[in-house]
Amino acid sequence: LVNGFLHTAASTLDTCPVGLRVRSLSLARTGDEADAATWLRIPAGGGTARFAALNAAFCGDALLIEAAPPVTTDVVLHLQIDALGDEATMSHPRVLVRLAAGAGLRLVVHYRGDDRAERFVNAVIDVDAGERSELQIYRLQQQGAKSFQIERIEAALAREARLVVRDASLGG
């Protein structure tokens, strides 16, 4: 993703293993899933929920990651989210992760930015994990010195589902 939008020229989405599908939400809406727009959940309440609502209002497009068996946590998906440009900007990247029952995925989310201008990055990762599924998120933040980033992970976990999040913040 670059400034909140899928950059297909820099992506290798056609090399995903069987059971793993990665696409933009706008492409999902043109397909057989007419209710895809309802997947932009907006949590109620104060605190970071306000930023999630701001993200839902201003995200240009969401990235939809769907995993089903035989995909397990042996599969690693590297997602690079860049905040770039010569002008001060804000971006609202949103990633929707849907795990079917029994599926697993190791997701590396790498946030990068440069020092050319001020940036506000308001990211949301929205997880829906089926029974006995497992999502491992490895979050690496490598923003520029002029960047301010917040992120919210919203997760709905079914029975015996697991979510593990690990963080590293570098730079800036």
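This text goes with the structure placed above it.
Presented here is an overview of the structure given in this document. Only a predicted model underlies this, so the values are computations on that prediction, with no experimental measurement involved. (Residues numbered from 1 in each chain as written. Predicted model: local features only at pLDDT ≥ 70, side-chain atom pairs only at ≥ 80, totals over all residues. Heavy atoms only, no water.)

Digging into the overall build of the protein
Our working rule: Runs of H or I in DSSP of at least four residues are treated as helices and runs of E of at least two as strands, each being numbered from the N terminus. Note on classification: 1.4 Å probe, protein chains only; a residue is buried when its accessible area is under 20% of the maximum for its type, exposed when over 50%, partly exposed between these limits. Residues are treated as being in contact if the distance between any of their heavy atoms lies within 4.5 Å. Computed by Shrake-Rupley with a 1.4 Å probe, the accessible areas treat only the displayed protein chains as cover when residues are assessed.
Within the protein one finds 2 helices and 10 strands. Counted from the first residue to the last, the protein has its helices and strands arranged as β-α-α-β-β-β-β-β-β-β-β-β. Relative to its 172 residues, the protein shows a buried fraction of 45%. Across the protein, every contact between residues at least 6 apart in sequence was considered, and the portion connecting residues at least 24 apart equals 89%. Here the protein has roughly 8,500 Å² of accessible surface; of this, 53% comes from carbon and sulfur atoms.

Quick word on the sheet that holds strand S8 (residues 134-142)
Defined as follows: Two strands pair if DSSP finds at least two bridges between them. Axis definition: a line fitted to C-alpha atoms, limited for helices to the stretch in contact. Angles are taken between N-to-C directions and run from 0 to 180 degrees.
Judged by pairing direction, the sheet is parallel, and its 4 strands sit side by side in the order S3-S6-S8-S10 without closing on themselves. Of all strands in the sheet, those bounded by a partner on one side alone are strand S3 (76-83) and strand S10 (162-169). Averaged over neighbouring strand pairs, the angle between their axes works out to 15° when direction is ignored.

Observations regarding the side chain of Arg119
What counts here: What qualifies as a polar contact is a pair of N or O atoms within 3.5 Å, subject to a donor-acceptor requirement within protein and to the restriction that residues adjacent in sequence count only when both atoms come from side chains.
Along the chain, Arg119 falls in strand S7 (residues 119-129). In this structure the side chain of Arg119 is engaged in a polar contact, spanning 2.6 Å, whose partner is the side chain of Asp114. Setting aside anything within four residues of it in sequence, one finds Arg119 in contact with Ala83, Leu84, Gly85, Glu87, Thr89, Asp114, Lys146, Ser147 and Phe148.

Structural notes on the packing of aromatic side chains
Stated precisely, the cut-off is as follows: Paired rings are identified among Phe, Tyr and Trp, the last through its six-membered ring, by centres lying within 6.5 Å, and are further divided according to the angle between planes into stacked (under 30 degrees), edge-to-face (over 60) and tilted (the rest).
Inspection of every chain in the model, using the stated rule, returns 2 aromatic pairs. Relative to Phe120, the ring of Phe51 has its centre 6.4 Å away and its plane inclined at 55°; by these criteria the two rings are tilted. With Phe51 in helix H2 (residues 49-58) and Phe120 in strand S7, this pair connects stretches of sequence that are 69 residues apart. With centroids separated by 5.9 Å and ring planes inclined at 10°, the aromatic side chains of Phe120 and Phe148 adopt a geometry described as stacked. In this pair, Phe120 sits in strand S7 while Phe148 sits in strand S9 (residues 147-157), placing the two residues 28 residues apart along the sequence. The rings of Phe51, Phe120 and Phe148 are connected pair by pair, giving a single aromatic cluster.

Considerations on the nonpolar core
Cut-off, in case you're wondering: Nonpolar cores were defined as sets of buried Ala, Val, Leu, Ile, Met, Phe, Trp, Tyr and Cys residues, with membership established by side-chain atoms within 4.5 Å.
Grouped together as the largest cluster of nonpolar side chains are 25 residues, with contacts concentrated most on Leu20, Ile65, Val97, Leu105, Leu107, Ile125 and Leu135. Sorting the residues of this core by element identifies strand S1 (20-24), strand S2 (62-67), S3, strand S5 (94-99), strand S6 (104-113), S7 and S8 as the ones contributing at least two each.

Some points on H2
So the rule is basically this: Throughout, the arc means the angular range of directions from the helix axis out to the C-beta atoms.
When we look at burial in H2, the residues that qualify are Ala49, Ala52, Asn55 and Ala56. In an axial view of H2, the angular spread of the buried residues amounts to 110°, which keeps them on one side of the axis. Turned more than 90 degrees off the buried face of H2, the exposed positions are Arg50, Ala57 and Phe58. Taken together, the buried residues of H2 touch S5, S7 and S9.

Remarks on the pattern of salt bridges
If charged atoms from side chains of opposite charge come close, those side chains can pair. As a reminder of what qualifies: One speaks of a salt bridge when a side-chain nitrogen belonging to Lys or Arg is within 4 Å of a carboxyl oxygen belonging to Asp or Glu.
For the structure shown, the criterion picks out 14 salt bridges. Between Arg98 and Asp126 there is a salt bridge, and its shortest N-O distance comes to 3.6 Å. Placement of Arg98 in strand S5 and of Asp126 in strand S7 is noted, with a sequence separation of 28 residues between them. Residue Arg98 is classed as buried on the basis of its relative accessible area, which comes to 12%. When salt bridges with common partners are traced through the structure, they connect Asp86, Asp114, Arg116 and Arg119 into a single cluster.

Everything listed here is a matter of coordinates, which is why it stays silent on function.
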